[in-house]
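# Structural overview
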Amino acid sequence: MITILVVEDEPEIARLLRSYLEREGYAVVLARDGEAALRALEETSPDLVVLDLMLPRLDGWQVIRAIRETSRVPVIMLTARDGLEDKVAGLELGADDYVTKPFSPREVVARVRAVLRRNRWGGREEARFGDLSINYLSREVWREDEPITLTPTEWKLLEVLSAHPGQVFTRAQLIERIYGHSYEGLERTIDAHVKNLRQKIEPDPKEPRYVLTVHGVGYKFARQPDDG
Ligand code: CA
């Protein structure tokens, strides 16, 4: 399930955005200020952030700057109509797009959809990591040019992890991404799927090169020297 973090201190706008985005099938997490936004970012690993620039505590620019220190998650800014300089500053700090207030929620939903499409799988349809090649559209995986057959769960796991190299996912987050809802008590089943995936893609499953364990937290896909 795709998760959108909406950072907006005006409850009425936040509520409206939430209801429109949920109607589109997205999971929505709300944060009311910049500090809460950064906490939510860490806890939920959203697929996209809708960020109001005028916020209490940390303002939107500080939030974008902090996000970009650790993450390439797409960010759509909500800006004032006459805030041309705001838009330029936000885009230069690494925001992906902006919507001008007052906006129609439909416009925000359309923009979310477009930015997600552009950024899916880190903005690429194929990726090569060392001797591993992944085609996200055809769902084909090769190691040293040998095709690898994955189960749907193993594919999903590889898709989620490899689309965000270096980003740590907890077991609960992986279950949410794979099954679309949290599966309480079954977090350890992820370990079994990781083990099977490693058997198939790792040159040496005992010394994983791609799917790395982050002790006490979860898993991440290793950044590769040729990860473009
Ligand atoms: Ca505001």
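Below is a summary of the structure that appears in this document. Please read all numbers here as calculations on a predicted model, not as lab measurements.

What counts and what doesn't
- Residues numbered from 1 in each chain as written.
- Predicted model: local features only at pLDDT ≥ 70, side-chain atom pairs only at ≥ 80, totals over all residues.
- Heavy atoms only, no water.
- Donors = N, O, S within 2.8 Å, 3.2 Å for Na, K, Ca; no water.
- Helix = DSSP H or I, 4+ residues; strand = E, 2+ residues; numbered from the N terminus.
- Buried < 20%, exposed > 50% of the residue type's maximum accessible area, 1.4 Å probe, protein only.
- Contact = heavy atoms within 4.5 Å.
- Salt bridge = Lys/Arg side-chain N within 4 Å of Asp/Glu carboxyl O.

## Things to note about the coordination of the calcium ion
- At 2.1 to 3.0 Å from the calcium ion lie its protein donor atoms, namely Asp9 (OD), Glu10 (OE), Asp52 (OD) and Met54 (O).
- Within one chain, the residues donating to the calcium ion are spaced in sequence as D-E-x41-D-x1-M. Taken together, the positions of Asp9 in the loop between β1 (3–7) and α1 (11–23) and Met54 in the loop between β3 (48–52) and α3 (60–70) put the pair 45 residues apart, joining distant regions of the chain.
- The exposure class of Met54 is exposed, given its relative accessible area of 56%.

## Quick word on unusual backbone geometry
- Residues Lys101 and Pro102 are joined by a peptide bond in cis, for which omega reads -5°.
- Tracing the backbone through its elements, the reader meets Pro102 in the loop between β5 (97–100) and α5 (105–119).
- Not every positive phi belongs to a glycine, and Arg57 is a case in point at roughly 65°.
- Along the chain, Arg57 falls in the loop between β3 and α3.
- Unusually for a residue other than glycine, Arg139 sits at a positive phi of about 60°.
- Within the fold, Arg139 resides in the loop between β7 (132–135) and β8 (140–143).

## A look at the environment of Val108
- With respect to the helices, strands and loops of the structure, Val108 is situated in helix α5.
- Each C-alpha atom, one on Val108 and one on Tyr20, is 8.9 Å from the other, the two residues being 88 residues apart in sequence.
- When residues no more than four places from it in sequence are discounted, the contact partners of Val108 are Leu17, Val99 and Phe103.

## Topic: the pattern of salt bridges
- Evaluated as defined, the whole model comprises 17 salt bridges.
- The salt bridge partner of Arg177 is Asp47, with a shortest N-O separation of 3.3 Å. Of the two residues, Arg177 is situated in helix α7 (residues 171–179) and Asp47 in the loop between α2 (34–44) and β3; the sequence distance between them amounts to 130 residues. Each of the two residues, Arg177 as well as Asp47, counts as buried.
- One connected set of salt bridges, linked through shared partners, spans Glu8, Glu10, Asp52 and Lys101.

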